Amino acid sequence: MSSHEHSPGAGAPANELVLGLEDKPRLLIGLLAALQHLLAIIVPIVTPGLLICQALGVSARDTNLIVSMSLVISGIATFVQCKRFGPFGAGLLIVQGTSFNFVGPLIAGGALMVKQGTPVEGVMAAIFGVVIAGSFVEMGVSRILPFVKRLITPLVTGIVVLMIGLTLIKVGLISMGGGFGAMANGTFANGENLLMSGVVLAIIVVLNRIPVVWMRSCAIVIALAVGYALAGYLGRLDFTGMHEAALFQVPTPLHFGLGFSWALFIPMLVIYLVTSLEAIGDVTATSKVSRQPVEGPMWMQRIKGGVLVNGANSLLAGLFNTFPSSIFAQNNGVIQLTGIASRHIGMWIAVMLVLLGLFPSVAGVIQAVPEPVLGGAAMVMFGAVAASGINILASTRLDRRALLIIAVSLALGLGVAQVPEFLAHMPAAIRNVLESGVATGGICALVLNWFLPEGKEQA
């Protein structure tokens, strides 16, 4: 996700890093720093998989596999980003994890396929086929970044990220009320569900205002722990996934087989492009906090390597039954808090993630969380995605042309997401693509940005 917390003037307060990019930390310091990063990312890494599986009705056993693999694949990507192999990786302390950008379109497209009678395994096979196909787009983009940056300006990126956040908020609210299961059995948004999600949401807000640095960076984990305890007290923890899980998870490629769906692919295509551009922003932010150059050949090389791993890792994710991953922005916050930018820490984080993923009981414990508890935290993360879109737009020059593009793209994107019947008489191929608000808004922003002449050169 990039549940972005792009910090303005990253790293302004502390001029000196405790540990620079190439410094090797001592054992205890390394472990503590890695643990702090792990706490900031473990929830965002497993949440997209849990939300998609819950929405599409994936079995507890398969959900456990998908969540375990999202940890393993995130670990592998993090290792490559930090270590750097040839053209692969940025060579910075970068953590990569499952991206929130894809949650909305995958749930919408997948739910439609389930409604049309496709068995859940078939839907998952199509999703992973699309994840694999899209990964080649992102790997290709990494080779032609300067051209793509001209085509997809911050204005377009900001609109798409804002659209992703706004369309995800519906997913978050459904989770807060108890999810689709609760809608089916009539317990949706009952007092118990609202109590659990409300407590988690309130704790995150309160902890974020406390001037104690580590509490802010662990706010989501602390809130979920309280939510977990509350769910246990209410007798709402479900350990089915944990009991059915093997002791050790051997990664099995293409567990669901392989399928494909154009209706899923086109919206994903737009998001893969945007995720590539977000990665540019994130790598630049990490460079800045790590006191590395943010322009010139070294920076370009880091960006190309970072985006290439973004794509290559989504290919691995699709093969090993999990969802696309992207560079996480919240780790820049942790680097700033700790003053530790050593990329060797990233390798520690990577090993921890892979180990956690190979023992499925870890995923089982996380899976036991009732959906409302997860919804309370997801709501904040999704809101952060939307806020990050606003942040990107605020950094562009909002002249009349820009405001017109924002107005039309948001209106059409959100309109179609809310009233899909509007597309009823269009050919099925077009309708399936445009039903995703993100795709409609994104395509609209791209086309308008390309064809509306600019008065003066935009800042």
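All values derive from a computational prediction rather than experimental measurement.

Thresholds applied
- Residues numbered from 1 in each chain as written.
- Predicted model: local features only at pLDDT ≥ 70, side-chain atom pairs only at ≥ 80, totals over all residues.
- Heavy atoms only, no water.
- Helix = DSSP H or I, 4+ residues; strand = E, 2+ residues; numbered from the N terminus.
- Buried < 20%, exposed > 50% of the residue type's maximum accessible area, 1.4 Å probe, protein only.
- Contact = heavy atoms within 4.5 Å.
- Areas by Shrake-Rupley, 256 points an atom, 1.4 Å probe, with all protein chains shown as cover.
- Lys, Arg positive; Asp, Glu negative; His and termini not counted.
- Charge placed at Lys NZ, Arg CZ, Asp CG, Glu CD.
- Salt bridge = Lys/Arg side-chain N within 4 Å of Asp/Glu carboxyl O.
- Phe/Tyr/Trp six-rings, centres within 6.5 Å; stacked < 30°, edge-to-face > 60°.
- Axes fitted to C-alpha atoms, helices over the stretch in contact; angles between N-to-C directions.
- Parallel < 35°, antiparallel > 145°, perpendicular 65-115°, else oblique.
- Left-handed = near helix turned anticlockwise from the far one by under 90°.
- Nonpolar A, V, L, I, M, F, W, Y, C, P; charged D, E, K, R; others polar.
- Expected span 1.5 Å × (residues − 1).
- Patch = residues over 30% accessible without salt bridge, like charges linked within 9 Å, V, L, I, M, F, W, Y side chains within 5 Å.
- pLDDT = per-residue confidence, 0-100.
- Polar contact = N/O pair within 3.5 Å; in protein donor to acceptor, adjacent residues only side chain to side chain.
- Core = buried A, V, L, I, M, F, W, Y, C linked by side-chain atoms within 4.5 Å.

This part is about the overall build of the chain. Within the chain one finds 20 helices and two strands. Its C-alpha atoms put the chain at 60 × 55 × 40 Å along the principal axes. Counting the 459 residues in the chain, one finds 56% classified as buried. For the chain, restricting intrachain contacts to residue pairs at least 6 apart in sequence, the fraction spanning at least 24 positions comes to 86%. When the accessible surface of the chain is totalled, it reaches about 18,300 Å², and 70% of it is carbon and sulfur. Taking the 23 positively charged and 19 negatively charged side chains of the chain as two groups, their mean positions are separated by 8 Å.

For the rest of this paragraph, the subject is the pattern of salt bridges. A complete count under the given rule lists three salt bridges for this structure. Among the salt bridges present, the one from E22 reaches R343, with a minimum N-O distance of 3.1 Å. Linking E22 in the segment before α1 (27-56) with R343 in helix α15 (residues 343-358), this pair joins segments that are 321 residues apart in sequence. Here E22 falls in the partly exposed class, since its relative accessible area comes to 48%.

A complete count under the given rule lists nine aromatic pairs for this structure. A ring pair is formed by F260 and F265, whose centres lie 5.4 Å apart and whose planes are at 50°; its orientation type is tilted. Ring pairing ties together the aromatic residues F128, F256 and F323, which thus form one cluster.

The next subject is the environment of C218. If you trace the backbone, C218 turns up in the loop between α9 (213-217) and α10 (219-233). Here C218 falls in the buried class, since its relative accessible area comes to 8%. C218 sits 142 residues away from I76 along the chain, and the two C-alpha atoms are 23 Å apart.

Okay, unusual backbone geometry next. You will see that R84, though not glycine, has its phi angle at about 75°, which is positive. Relative to the assigned elements, R84 resides in the loop between α2 (60-83) and β1 (96-98). We note that A189 has phi near 55°; this positive angle belongs to a residue other than glycine.

Right, let's talk about the packing of α2 against α15 for a bit. Their axes nearest at 7 Å, the elements α2 and α15 cross at an angle of 160°. Taken together, the axes of α2 and α15 lie roughly antiparallel to each other. For the element pair α2 and α15, the recorded crossing hand is left-handed. On the side of α2, the interface is formed by S68, L71, V72, S74, G75, I76, T78, F79, C82 and K83, while α15 contributes R343, G346, M347, A350, L353, V354, L356, G357 and L358. Per-class residue counts for the contact of α2 with α15 are 11 nonpolar, six polar and two charged.

Once that is clear, we can look at helix α4 (residues 120-143). For α4, which comprises 24 residues, the first-to-last C-alpha distance of 36 Å matches the rise-based estimate of 34 Å (1.5 Å per residue) to within 8%. Of all 24 residues in α4, 17 are buried; the element is thus mostly enclosed.

On to a nonpolar patch on the surface, then. Taken together, the side chains of L247, F248, V250, V351, L355 and F359 define a hydrophobic patch exposed on the protein surface, amounting to about 590 Å² of accessible area. As for its position among the elements, F248 is in the loop between α11 (240-244) and α12 (262-289).

Relative to the helices and strands, S74 is located in helix α2. Using a relative accessible area of 1% as the deciding quantity, one classes S74 as buried. Beyond its immediate sequence surroundings of up to four residues, S74 is in contact with I45, Q96, G97, T98 and L353.

Attention now moves to the confidence of the model for the chain. Mean pLDDT for the chain: 87, with 96% of residues reaching 70 or above. Of the regions scoring below 50 in pLDDT, residues 1-14 engages in 41 contacts with residues more than four places distant in sequence or in other chains.

What follows deals with the environment of E22. The spatial distance from the C-alpha of E22 to the C-alpha of S342 is 5.6 Å, given a sequence separation of 320 residues. Excluding anything up to four places from it in sequence, E22 contacts R343 and H344. There is a polar contact of 3.1 Å between the side chain of E22 and the side chain of R343.

All right, on to the nonpolar core then. The biggest cluster of nonpolar side chains holds 112 residues, and the ones touching the most others in it are M124, I127 and I349. For this core, the element with the highest residue contribution is α1, accounting for 14 residues. Contact partners of I349, with chain neighbours within four places excluded, come to A34, H37, L38, I41, L93 and V95.

What follows covers the side chain of N310. The residue N310 is located in helix α13 (residues 297-319) in this model. By relative accessible area, N310 is classed as buried at 0%. Within the structure, N310 has its side chain in polar contact with the side chain of E138 (distance 3.2 Å).

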